[in-house]
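# Coordinate inspection notes
Each chain, letter by letter, is given below.
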Amino acid sequence: MDRPSLPPQGRPEAEVLDDLKRFGQNDPDYRNHRIWSLVYHLDDAHDDFTAAAYRQYSSANGLNPAAFQSLKRMESEIVAMVATLLHGGPETCGVLTAGGTESCLMAVKTYRDMARKRRGVHRPNMAIPATAHVAWFKAAEYFGVTPRLLPMTADLATDVTRLNRKIDRNTVMVLGSAPEYPHGTIDAIAAMGKTAARRHVPLHIDACVGGMILPFMAMNGADLPEWDFRVPGVTSISTDLHKYGYTSKGASLILYRNLDLLKYQMFVYQDWPGGVFASPALLGTRPGGAYASAWAVMQKLGIQGYRDLAAQTTEAVEILKAGIANIDGLRILGHPQGPLLSFGSTESAVSIFAVADQLETKGWSVNRVQNPDGIHAMVTARHREVTEHYLSDLAQAVATVRADPKLARIGGAATYGMMAHVPLRGMVRAKVLDVFAEMYRAGGGKLRLDNRPRPPVPERLMARYAQWKARRS
Ligand SMILES: *Cc1c(COP(=O)(O)O)cnc(C)c1O
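Residues numbered from 1 in each chain as written. Predicted model: local features only at pLDDT ≥ 70, side-chain atom pairs only at ≥ 80, totals over all residues. Heavy atoms only, no water.

- Looking at an unreviewed UniProt entry, one finds the protein chain named Glutamate or tyrosine decarboxylase, with Sedimentitalea nanhaiensis as its source organism.
- Per its UniProt entry, the protein chain bears the Cofactor (unreviewed entry) comment "pyridoxal 5'-phosphate".
- Within the UniProt record for the protein chain, the comment given under Subcellular location (unreviewed entry) is "Endoplasmic reticulum membrane". (UniProt positions renumbered as here; feature names shortened; annotations may be inferred.)

Listed below in structure tokens is the structure:
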């Protein structure tokens, strides 16, 4: 294939827009709610509204909050609206970021720098649940903060009885999730808050996925534990707007109990030839369109709009939970309390990864989790329309897999099974890095890790996996 180059002459707008439409033909079918991750879609009319808001500010830049006062106003109002939802006090403050990962990275940077400055900590560590979102592992690597993992109990909850022993004088922060991504469980935040406060260590709550839905589920009467600023000891919370806030991609928040904490997040460099520079978070240029879209959607939906969406989501989750419990061979993993869940297999004859493959042949896009193995579902309001269809396809998929054991040894089931279980984790890491890097080779971009044709697994790795499986059975 020829290497694409910039067209020598510009092309007609209509033709270019047609190209974009065509490129998306094989993308996950999110308009029909057939994907269970990545996308939080309501309908085309809502997309038109978010796009219209985005367009008004797509050139505006939040880099310098003193320049675009419109954007600073939106940022302050969004911070205040969410701080109220999460029971912040009069001093609760925060910053808009471009996504959950940026929010999580910022918390780790903030608390690392705070511990260095206040307590002279130079070998920082942080106590985080094994189920913490991968963004925390990325932050650990980027900022040189050693993660100390809180293990899971037998029913996949974070074992908070281990927290006290994980904290030492080099611990810069503790993390809890509301809920965690792999199983949708809300950590025992009240217990974590007690320990963190007693040991004088900040406690961050990762509510990237939960922050814009749990408060509305609670208003609708759901019996949820307290996890937000009501819990003493909680010092900061991250909440994504581009998930259950149903805003355009590129909007998340980090909130702090007070400005003394937030100050450690800020960056100032006074000697740059380009001018004295200050910035509140990771990005330089900050996308005005994403702020405008977020502000606009929050105004359009209001508390009642979000409560209605939360009610539809809860209904979909309950139907899924009941439906999955009714399918022989499946079980829900852990105790999901929020809008997402995972389920695994109870029978060795039913490979859950083979079930996932079957669902994909029926046009669903699903994510896999590991240790224990499962299929993940991030449930949104509009999934309510497809739950019955999904459950009937799921029951069929289980029957197909049970009837044909070889499905567990081919396709995605083989690859994911190996990636989840081969004991040589370094080899898995190296292999995934290879595959990933290959997608970014000049002229590349076609290999996929999911349901498309798979790259061959190296023979050596396959052989070690086979040996290990043989020993186990
Ligand atoms: C999605 C998510 C993140 C990361 O957010 P991105 O917007 O994808 O960067 C962090 N934590 C949790 C619990 C999440 O679900």
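### Details of the site of the ligand
- Around the ligand sit Gly99, Gly100, Thr101, Cys104, His133, Asp206, Cys208, Val209, Asp240, His242 and Lys243, and those are all the residues in its vicinity.
- A distance of 2.8 Å is found between an oxygen atom of the ligand and a backbone nitrogen or oxygen belonging to Gly100.
- Thr101 places a polar side-chain atom, nitrogen or oxygen, 2.6 Å from an oxygen atom of the ligand.
- Top contributing element to the shell around the ligand by residue count: helix α4 (residues 100–119), with three residues.
- Across the shell around the ligand, the residue classes break down as three nonpolar, five polar and three charged. (Near = heavy atom within 4 Å. Polar contact = N/O pair within 3.5 Å; in protein donor to acceptor, adjacent residues only side chain to side chain. Helix = DSSP H or I, 4+ residues; strand = E, 2+ residues; numbered from the N terminus. Nonpolar A, V, L, I, M, F, W, Y, C, P; charged D, E, K, R; others polar.)

### Concerning the packing of aromatic side chains
- Enumeration according to the criterion identifies 11 aromatic pairs in this entry.
- With 6.1 Å between their ring centres and 40 degrees between their planes, Trp36 and Trp364 make a pair best called tilted. A residue pair is termed long-range when its members are at least 10 positions apart, and Trp36 in the loop between α1 (13–23) and α2 (44–56) and Trp364 in the loop between α11 (352–361) and β12 (367–369) qualify at 328 residues.
- Using a relative accessible area of 1% as the deciding quantity, one classes Trp364 as buried.
- Here the aromatic rings of Phe216 and Tyr306 are separated by 5.1 Å at their centres, their planes lie at 20 degrees, and the arrangement is stacked. Of the two residues, Phe216 is situated in helix α8 (residues 214–219) and Tyr306 in helix α10 (residues 288–325); the sequence distance between them amounts to 90 residues. Comparing Phe216 with Tyr306 shows no difference in burial state: the two are buried.
- In this structure an aromatic cluster arises from ring pairing among Trp36, Trp364 and Tyr390.
- Here Arg34 stacks its cationic end above the ring of Trp364, 4.2 Å away from the centre of that ring. (Phe/Tyr/Trp six-rings, centres within 6.5 Å; stacked < 30°, edge-to-face > 60°. Buried < 20%, exposed > 50% of the residue type's maximum accessible area, 1.4 Å probe, protein only. Lys NZ or Arg CZ within 6 Å of the ring centre and 35° of its normal.)

### Let's talk about the packing of α11 against helix α12 (residues 387–403)
- The N-to-C vectors of α11 and α12 enclose an angle of 125 degrees; their axes lie 9 Å apart at closest approach. Considered as vectors, α11 and α12 are oriented oblique to each other. As α11 packs across α12, the resulting crossing turns out to be right-handed. Packed against α11, whose contacting residues are Ala354, Val355, Gln358 and Leu359, the element α12 presents Tyr390, Asp393, Leu394, Ala397, Val398, Thr400 and Val401 at the interface.
- Broken down by class, the residue content of the contact of α11 with α12 amounts to eight nonpolar, two polar and one charged. (Axes fitted to C-alpha atoms, helices over the stretch in contact; angles between N-to-C directions. Parallel < 35°, antiparallel > 145°, perpendicular 65-115°, else oblique. Left-handed = near helix turned anticlockwise from the far one by under 90°. Contact = heavy atoms within 4.5 Å.)

### Some remarks on the side chain of Thr97
- Following the sequence through the fold, Thr97 ends up in strand β1 (residues 93–97).
- A polar atom in the side chain of Thr97 sits 3.1 Å from the backbone oxygen of Gly99.
- For Thr97, the residues in contact, after removing those within four places along its chain, are Glu102, Ser103, Gly250, Ala251, Ser252, Leu253, Ile254 and Ala281.

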